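# Structural description and commentary
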Amino acid sequence: MAKRGFLGGFELLVLLALIRLGDDAYGVPISEAIEESSGREVALGSVYITLERLEQKGLVSSKLGEPTAERGGRAKTYFHVTAKGLREVRQARQTLISLWQGVPQVEGAV
Amino acid sequence: MNAFEPPRLTTWLMQRLSPRQKRESLIGDLVERYRHGRSAGWYRRQAFMVILVGAGTDIRDHLLLAVRALVMCWTALFLLGFFTGAFAPVAVRLGAYRVEIRDTAPSVGLLRDTFRGYHVPWVCRDRMDDRQIAP
């Protein structure tokens, strides 16, 4: 079997947030989306480190936006999921679905 | 500092200690969230994490440099302690425990011990015993 790295749990969360946000995906909405879904505070530093790692793997691309006064004159960096990233998310979904089947102990638990 | 401006010292520290890549965007994101109602405590916590995560990544990416810096620092401390007698042992009480922070390098007065065994920094945590603790 060919050697392929699995997506980490937080990597998957970040990729899913990126897909949901579409063109408006930068640090603030990404971290807010993860916080809303998980109910836990997210460190923006961790989000950026994860995005950087995903970019190095070719799963995410980024582009610099315009600086705004609201951010103290600092530009936003927008992130996009690449085609390879989308394939990896689909693969992770398949893996998770097949693993979830036949695990009645955790069904219905929140 | 007014309510609209994030803590300056924290921002200054981040500008110097966080990873260079996308640093400005990251600080901009933190400033934006702060101005949308996050507290100064939240901002400082996030900044601490940025610096911590950045340092961890730097160490992982440049392991050899990190080890070299550690060895240099240890050597400098050893020489400083050896020639000046600094780093005398310190013992403090923390609740029911006695915490003893021993020297990183022996002082001149402990020269004989220097060559008896190699001294390394460590922290001893023993159950408090009044006989062991000076008043």
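The structure contained in this document is the topic of the report that follows. (Residues numbered from 1 in each chain as written. Chains lettered and ligands numbered in written order. Predicted model: local features only at pLDDT ≥ 70, side-chain atom pairs only at ≥ 80, totals over all residues. Heavy atoms only, no water.)

## Some thoughts on the overall build of chain B
A count of helices and strands for chain B gives 5 helices and 3 strands. The helix and strand sequence of chain B, counted from the amino end, reads α-α-α-α-β-β-α-β. A separation threshold of at least 6 residues defines the contact pool for chain B, and within that pool the share at least 24 residues apart is 54%. Of the roughly 9,300 Å² of accessible surface on chain B, a fraction of 64% belongs to carbon and sulfur atoms. (Helix = DSSP H or I, 4+ residues; strand = E, 2+ residues; numbered from the N terminus. Contact = heavy atoms within 4.5 Å. Areas by Shrake-Rupley, 256 points an atom, 1.4 Å probe, with all protein chains shown as cover.)

## Points about the interface of chain A and chain B
By a widespread convention, an interface's size corresponds to the accessible area lost as its parts come together. If you look at the interface, chain A gives 27 residues, while chain B gives 24 residues. Taking both partners together, chain A and chain B bury about 2,100 Å²; carbon and sulfur atoms supply 48% of that area. Inspection of the chain A/chain B interface yields 8 salt bridges. In this structure, B:Arg33 and A:Glu35 form a salt bridge, with 2.9 Å as the shortest nitrogen-oxygen distance. Summed over the shared surface of chain A and chain B, the number is 19 residue pairs in polar contact (both at pLDDT 80 or more). (Buried area = accessible area lost by both parts, 1.4 Å probe. Salt bridge = Lys/Arg side-chain N within 4 Å of Asp/Glu carboxyl O. Polar contact = N/O pair within 3.5 Å; in protein donor to acceptor, adjacent residues only side chain to side chain.)

## Some details on the pairing of strand E1 (residues 60–68) of chain A
All names here are of chain A. Both E1 and strand E2 (residues 74–81) contribute to a ladder of 7 bridges, which runs antiparallel. In the sheet register, Ser62 faces E2, and the bridge partner there is Phe79. Linking E1 to E2, which pair antiparallel, is a turn of 5 residues; within it Gly72 sits at a positive phi near 70°. (Pairing = 2+ DSSP bridges.)

## Quick word on the packing of helix H1 (residues 9–21) of chain A against helix H3 (residues 44–56) of chain A
Residue and element names in this part refer to chain A. For the pair H1 and H3, interaxial distance at closest approach is 10 Å and the crossing angle is 85°. The orientation of H1 relative to H3 falls into the category roughly perpendicular. Contacts between H1 and H3 involve Phe10, Glu11, Val14, Leu15 and Leu18 from the first element and Ser46, Val47, Thr50, Leu51, Arg53 and Leu54 from the second. Residues of the contact of H1 with H3, tallied by class, amount to 7 nonpolar, 2 polar and 2 charged. (Axes fitted to C-alpha atoms, helices over the stretch in contact; angles between N-to-C directions. Parallel < 35°, antiparallel > 145°, perpendicular 65-115°, else oblique. Nonpolar A, V, L, I, M, F, W, Y, C, P; charged D, E, K, R; others polar.)

## A short note on the packing of H1(A) against helix H4 (residues 83–100) of chain A
Residues and elements named next belong to chain A. Two numbers describe how H1 lies on H4: the axes approach to 11 Å, and their chain directions differ by 120°. With respect to H4, the axis of H1 lies oblique. Once H1 is placed against H4, the crossing between them reads as left-handed. Within the contact between the two elements, H1 uses Leu12, Leu15, Leu16 and Ile19 and H4 uses Leu86, Val89, Ala92 and Leu96. Partitioned by chemical class, the residues of the contact of H1 with H4 number 8 nonpolar, no polar and no charged. (Left-handed = near helix turned anticlockwise from the far one by under 90°.)

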